[in-house]
Amino acid sequence: MRDDVHFVARCARGLEPQLATEILQRELGSITAIGHRSVHFRAWRPYDTGVTGLRTADDVFLLGARGRDVGRTKAGLPELAALVREADPEELLRHRTVLATTERPPGVEVSASFLGRRSFNRYDAEDAVGDALAARLKVPYHPRRTQGAPPPDYAPWRLTLDGTRATLLLRVTPRPLHRRPYKQSTVPGSLHPPLAAAMTRLADIGPGHTVLDPCCGAGTLLIEAALAHPEAGRYRGYDIDPTALEAARANRTTASLDRIRIQRGDAGRLPLPNGTVDRIVCNPPWGTQVEVKASLAKVPTAWWRELTRLLTPTGTAVLLLPTPTPVSPAIEAGLLPTHTQRIHLSGTPTYLIKLEKEKPR
Ligand SMILES: C[S@@+](CC[C@H](N)C(=O)[O-])C[C@H]1O[C@@H](n2cnc3c(N)ncnc32)[C@H](O)[C@@H]1O
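Just so you know, these numbers come straight off a predicted model, no measurement behind them.

Notes on the sheet that holds strand 6 (residues 155–161)
Strand order in the open sheet formed by seven strands is 2-3-1-4-7-6-5, and the pairing between neighbours is mixed. Each of the sheet's edge strands pairs with one partner strand only, and the pair in question is strand 2 (29–35) and strand 5 (108–114). With direction set aside, neighbouring strand axes in the sheet form an average angle of 30 degrees. The pairing of strand 5 with strand 6 spans seven bridges and is classified as parallel. Its bridge partner being in strand 6, S111 is matched across the sheet by R158. Sheet strands in contact with helix 2 (residues 79–86) are strand 4 (59–68) and strand 7 (165–171), and its direction is about 115 degrees off that of strand 4. Sheet contacts for helix 4 (residues 122–137): strand 5, strand 6 and strand 7; angle to strand 5, the most-contacted strand, approximately 145 degrees.

What follows is the structure in structure tokens.
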């Protein structure tokens, strides 16, 4: 069995710093590289199942082999078989069996992605790697090109070509980490759970805190927060839409977090006393995918005044916004931005913004 084990954790573009910090805080290993949507690390304990508990990662992989990017044309594809020759797929599968407590997979599937234009498509790259892996492991290969979604128990290999390097990876868990078991119900605009986890980390939730999401949708932020910070005092979510409330309650129950209170309310006038909320986490409706309703639609600045009214003097809010500019009405309402970070979600830039209540002079 190996003791020099390298992992690659993948994340949404822009969340690499949060993911690297989480890896270090969980004492999983030393960071060896931070790249486009990825953090590479060398494990301190090769069989630490903590890697499967990363909350800000979309996924975590064992590193199989790294080589030169094969270039833009089909002529380079045979080099991918050399990448497979360099790897030790048997050893990687044995390692994965211990980490994810799975059986030895009966077959191979490959998912490929690349940056930049190529004269081949993803299926060409997948087949080049899949055929080579199947031949070495003496198991069947499942080509997505002709057979669609792969059987769930096949070994999930991944190939990335970033313009400089080709990387062969083996996913550790049978399901991607971003697919949370609690998230059975969803609503339009519902948050990607690893991004929700990154937002709750930024919120710095502490013992006894009251944590609020005034537009909670399917409850992702509150559930991620409550899973990571059971020490907080109270979790409260509001939404104007009964369908969203139903989804949030269903997810909360699946997560066994019935302590999160979910109620109908208008985020511009919530039934909570002044200065009683320590942390606000929210991705409010932007009026594109999700309609802005009630007081937020009538007086958009009502939202910022309400946040200021609710926060304690040391309170903070972590919000996901479509542009960094709406922070000016926030400043007028007495909230100062202390952190702005650009994130790309499905190619669309969004902004993670932390605001603190302005101290009276
Ligand atoms: C982007 S979604 C939130 C998604 C949520 N974070 C999740 O992960 O599922 C915005 C939510 O704001 C709600 N909303 C719209 N206007 C509102 C208002 N005035 N008060 C409270 N909620 C409102 C919508 O019903 C929607 O569920």
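Examining the site of the ligand
In the region of the ligand, 26 residues are neighbours, and G189, S190, C215, G217 and T220 sit closest. Within the residue set of the shell around the ligand, elements represented by two or more residues are helix 7 (220–228), strand 9 (234–239) and helix 9 (294–298). Here the element with the most residues in the shell around the ligand is helix 9; it accounts for three residues.

Some thoughts on unusual backbone geometry
With a phi angle near 55 degrees, E27 is a residue other than glycine that sits in the positive phi range. By secondary structure assignment, the location of E27 is in the loop between helix 1 (16–25) and strand 2. The backbone phi angle of R37 is positive, close to 55 degrees, even though this residue is not glycine. The residue R37 is located in the loop between strand 2 and strand 3 (38–43) in this model.

What to know about the domain arrangement of the protein
The domain boundaries assigned to the protein delineate domain 1 (6–171) and domain 2 (193–357). Here domain 1 and domain 2 have C-alpha centroids that lie 34 Å from each other. Class assignment for the residues of the side of domain 1 that touches domain 2 results in four nonpolar, three polar and three charged.

As for the pairing of strand 3
With five of its six residues buried, strand 3 lies for the most part within the structure. With five bridges joining them, strand 1 (residues 6–10) and strand 3 adopt antiparallel strand pairing. By the bridge assignment, A9 is partnered in strand 3 with V39. Of the pairings in the sheet, the one linking strand 2 to strand 3 comprises six bridges and is antiparallel in character. Looking at the pairing, I31 lines up with F41 of strand 3.

The rules behind the values
- Residues numbered from 1 in each chain as written.
- Predicted model: local features only at pLDDT ≥ 70, side-chain atom pairs only at ≥ 80, totals over all residues.
- Pairing = 2+ DSSP bridges.
- Helix = DSSP H or I, 4+ residues; strand = E, 2+ residues; numbered from the N terminus.
- Axes fitted to C-alpha atoms, helices over the stretch in contact; angles between N-to-C directions.
- Contact = placed C-beta atoms within 7 Å.
- Near = placed C-beta within 6 Å.
- Domains from an automatic or database assignment.
- Nonpolar A, V, L, I, M, F, W, Y, C, P; charged D, E, K, R; others polar.
- Buried ≥ 20, exposed ≤ 12 C-beta atoms within 10 Å, placed from the backbone.

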